[in-house]
Amino acid sequence: MKAKIFSVLQRIGRSFMLPIAVLPVAGLFLGIGSSLTSNTTISSLHLEAILGKGTFLNNFLTILTNVGNAFFNNLPIIFAAAVALGMAKKAKEVAVISAVIAFFVMHTTINGMLTLSGVIIDNQVVGTNVLDGTITSTCGILSLEMGVFGGIIVGLGVSFLHNRFYQIQLPSVLSFFEGERFIPIISTISFLFVGILMFYLWPFIQNAIFALGKVVSTSGYFGTFIYGVIKRLLVPFGLHHVFYLPFWQTAIGGTMTVNEVMVYGGQNIFFAQLADPNVLHFSSEATKYFTGEFIFMIFGLPGAALAMYHTAKPEMKKAIGTLFFSAALTSILTGITEPIEFSFLFVAPLLFGVQVLLAGSAYMIAHIFNIAIGLTFSGGLIDFVIFGVLQGNSKTNWILVIPIGIIYFFLYYF
C-alpha cells in the first residue's frame, strides 16, 4: 500500500512538470514588470523620465506584467489540464478537454451558488460584507479562491473518472456516447455536485484561516514564526492570499500614525513611511509579515535547487539543471518560488515540510534582528535592492540579510 501511494504521488509530481517548466519565464515577466512599473519604485529611483507612464520602457514592462499575470491568474486551470494529462492512462487528450470542461462547470456552479446566496450581486459585484481574498475571478468567473488546489482537485477527479470509464459500453440506443465520449459527460455531472460541495466546505476553511490570523498578530516573535509557517503551508492550496492580505492591508497587520495620518496594514505602513523623509528606521513590526521572504527566496530555496541538482541521477542532470537553474533565478530575482516548491511538493512532501519550517523561522529572525524591508508582491532581489539597499542600512538593516541568507543557503542545501 505504501509503495502504491508513493507511486501515485510520483505520478502527480511528474504531471506538474509541464506547467512548472513555464513558471520561471512567467515569474520573470511578472516580477520584473510589476517591480519596475510601480509608481513607488519609479519615484524612489527618480527614473520618471525613463520608466514613467507613457514611456516606451513603461509600456513594454506593462505588457510583460500582463503576460506574467495571465499565466499566474490562470494557473488553476493549467494545473487541472496538466494533472489530467499526466494521470490519464490512455486517450490523454480526452482527459485534458474533460478537465477543462469540469473546471468551468465546478466554478460556474460555485458562482451560481454564491449568486443565489447573495454573496455575489448580479453575477458581477461581490457583497460588501465578504471577507477580502475569499472571492476571485477564475477565468472570468467570480468564484471561491481555491488556487491551484482547485485545479488539482479537478485534474485528479477527472483522471479517476477517465481511467475508470473511457472504455465503457452503453446500450445500443446510447452507443454514440460510450467510450471516450462518455468522459466529458460524466465529468460535467460529477463536478456540478463537486461545485455545490465546495460552496459549503471551502468557506469554513477560509474563515478558520482568517480567525487564526488574528491570533498570530498578537503573539510576538512566535506569532511571526507561526505566520510564516502558515503562509508557506497554504501556498499550494491558493489560500495564502486569504491569510496574508489582512496583515498587509488591514488593521490586523497593525496601525500607525505616519506623517499625521493613521495608516492600517503592514505593507501600507511601510509605503507610508517610505514617502516620509522624517522616518529614521522603518517599522519591523509592520514589515515582519514579508521581510523574512528575502532570506529564503534569494538564498534558501536556490540552495535547495542546487542540492536537488547535485543528487540527481547522472542521466537526468542536464534536464534537472536546466529546470532548476531557471527556477532558482526566478526565485532570486522576483521571489516567485512555485517553480521550485511545486517540483518537490508531491514527490517529496517531507521536504516541503522542512521548507515550511525554515521559511517560518526566516520571518521570525528578520523580526528579531529588526530588519525592515518592504516589497511590492514578493521578496526577490529587485525589491530587495529598491526597498532595502537603496533606502540605506540605517533605515532597513538590509546588510544583515546577507550573512543570515548565506546560513540559510546551507541549511536548505544540506
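Quick note: structure is the one above.
Sequence positions are assigned chain by chain, starting from 1 and proceeding in written order. Thresholds applied to this predicted model are a pLDDT of at least 70 for local features of residues and 80 or more for the giving and counting of side-chain atom pairs; totals over whole chains, interfaces and linings are not thresholded and use all residues. Note: side-chain values were computed over all heavy atoms of the structure, leaving out hydrogens and water.

Participant: I'd love a proper account of the overall build of the protein, names of residues and values included.
Facilitator: For the purposes of this entry, the term helix denotes a DSSP run of H or I that reaches at least four residues, the term strand denotes a run of E that reaches at least two, and both are numbered from the N terminus. What the protein contains, in helices and strands, is 20 helices and 6 strands. In this treatment the radius of gyration is a C-alpha quantity, and the globule benchmark scales as 2.2 Å times the residue count to the 0.38 power. Taken over C-alpha atoms, the radius of gyration comes to 23 Å for the protein, in line with the 22 Å a tight globule of 414 residues would show. Principal axes of the C-alpha set define a box for the protein whose edges measure 80 × 55 × 45 Å. Each accessible area is a Shrake-Rupley result for a 1.4 Å probe, and residues are judged covered by the shown protein chains and nothing else. Total accessible area computed for the protein in this model is approximately 18,900 Å², and 70% of it derives from carbon and sulfur atoms. None of His or the chain ends enter the tally, which takes Lys and Arg as positive and Asp and Glu as negative. Charge coordinates come from a single atom per side chain, which is NZ of Lys, CZ of Arg, CG of Asp or CD of Glu. The average position of the 18 basic charges and that of the 15 acidic charges among the side chains of the protein differ by 16 Å.

Participant: Explain unusual backbone geometry to me, using residue names and the numbers behind them.
Facilitator: The residue Cys 139 is not glycine, and still its phi comes out positive at about 55 degrees. Mapped onto the elements, Cys 139 comes out in the loop between strand S3 (135-138) and strand S4 (141-144). Throughout this description, buried means an accessible area under 20% of the type-specific maximum (1.4 Å probe, protein chains only), exposed means over 50%, and partly exposed covers the range between. Relative accessible area serves as the criterion here: at 28%, Cys 139 is assigned to the partly exposed category. If you check the backbone angles, Asn 370 has positive phi at about 60 degrees while not being a glycine. Assignment of secondary structure puts Asn 370 in the loop between helix H17 (349-368) and helix H18 (381-387). By relative accessible area, Asn 370 is classed as partly exposed at 31%.

Participant: Just give me the short version of helix H20 (residues 401-413), but keep the residues and values in it.
Facilitator: Here H20 is 13 residues long and its end C-alpha atoms lie 18 Å apart, about the 18 Å a rise of 1.5 Å per residue gives. Three or more residues of H20 are buried, namely Val 401, Ile 404, Gly 405, Tyr 408 and Tyr 412. Summarising the axial view, the buried residues of H20 lie within an arc of 100 degrees, below the 170-degree limit, and thus occupy one face. Those residues of H20 that are buried are in contact with helix H14 (293-310), H17 and H18. Expected helix span is computed as 1.5 Å times (number of residues minus one). Working definition: the arc comes from the directions between the helix axis and the C-beta atoms, pointing outward to the latter. Contacts are assigned to residue pairs that have any heavy atoms within 4.5 Å of one another.

Participant: Before we move on, can you summarise the packing of aromatic side chains with the specific residues and values?
Facilitator: Only Phe, Tyr and Trp rings take part, Trp by its six-membered ring, and two of them pair if their centres are within 6.5 Å. Stacked means planes under 30 degrees apart, edge-to-face means over 60, and tilted covers everything else. Under the definition given, this model contains 24 aromatic pairs. Consider the rings of Phe 270 and Phe 282, whose centres lie 4.8 Å apart with planes at 65 degrees: the pair is edge-to-face. Pair noted here: Phe 270 is in helix H12 (residues 266-274) and Phe 282 is in the loop between H12 and helix H13 (284-287), with a separation of 12 residues, a long-range link. Side by side, Phe 270 and Phe 282 carry an identical accessibility label, which is buried. Ring centres 5.5 Å apart and planes at 80 degrees place the aromatic pair Phe 271 and Phe 387 in the edge-to-face group. Remark: Phe 387 occurs in helix H18 and Phe 271 occurs in helix H12; sequence separation between them is 116 residues. Residue Phe 387 is classed as buried on the basis of its relative accessible area, which comes to 0%. Taking NZ or CZ as reference, Lys 231 lies 4.4 Å from the ring centre of Tyr 244, over its face. By definition, being over a ring means that NZ of Lys or CZ of Arg is both within 6 Å of the ring centre and within 35 degrees of the ring normal. The aromatic ring of Tyr 309 is capped on one face by Lys 317, whose charged end is 4.6 Å from the ring centroid.

Participant: Just give me the short version of the pairing of S4, but keep the residues and values in it.
Facilitator: Sheet analysis places S3 next to S4, joined by 4 bridges and oriented antiparallel. Residue Ser 137 lies in a different strand from S4, and its bridge partner there is Leu 142. Should DSSP find at least two bridges between two strands, the strands are regarded as paired.

Participant: Quick rundown of the environment of Phe 247? Include the residues and the values.
Facilitator: Topologically, Phe 247 is positioned in helix H11 (residues 240-249). Phe 247 sits in the buried class, given a relative accessible area of 1%. Separated by 19 residues in the primary sequence, Phe 247 and Gly 228 have C-alpha atoms spaced 12 Å apart.

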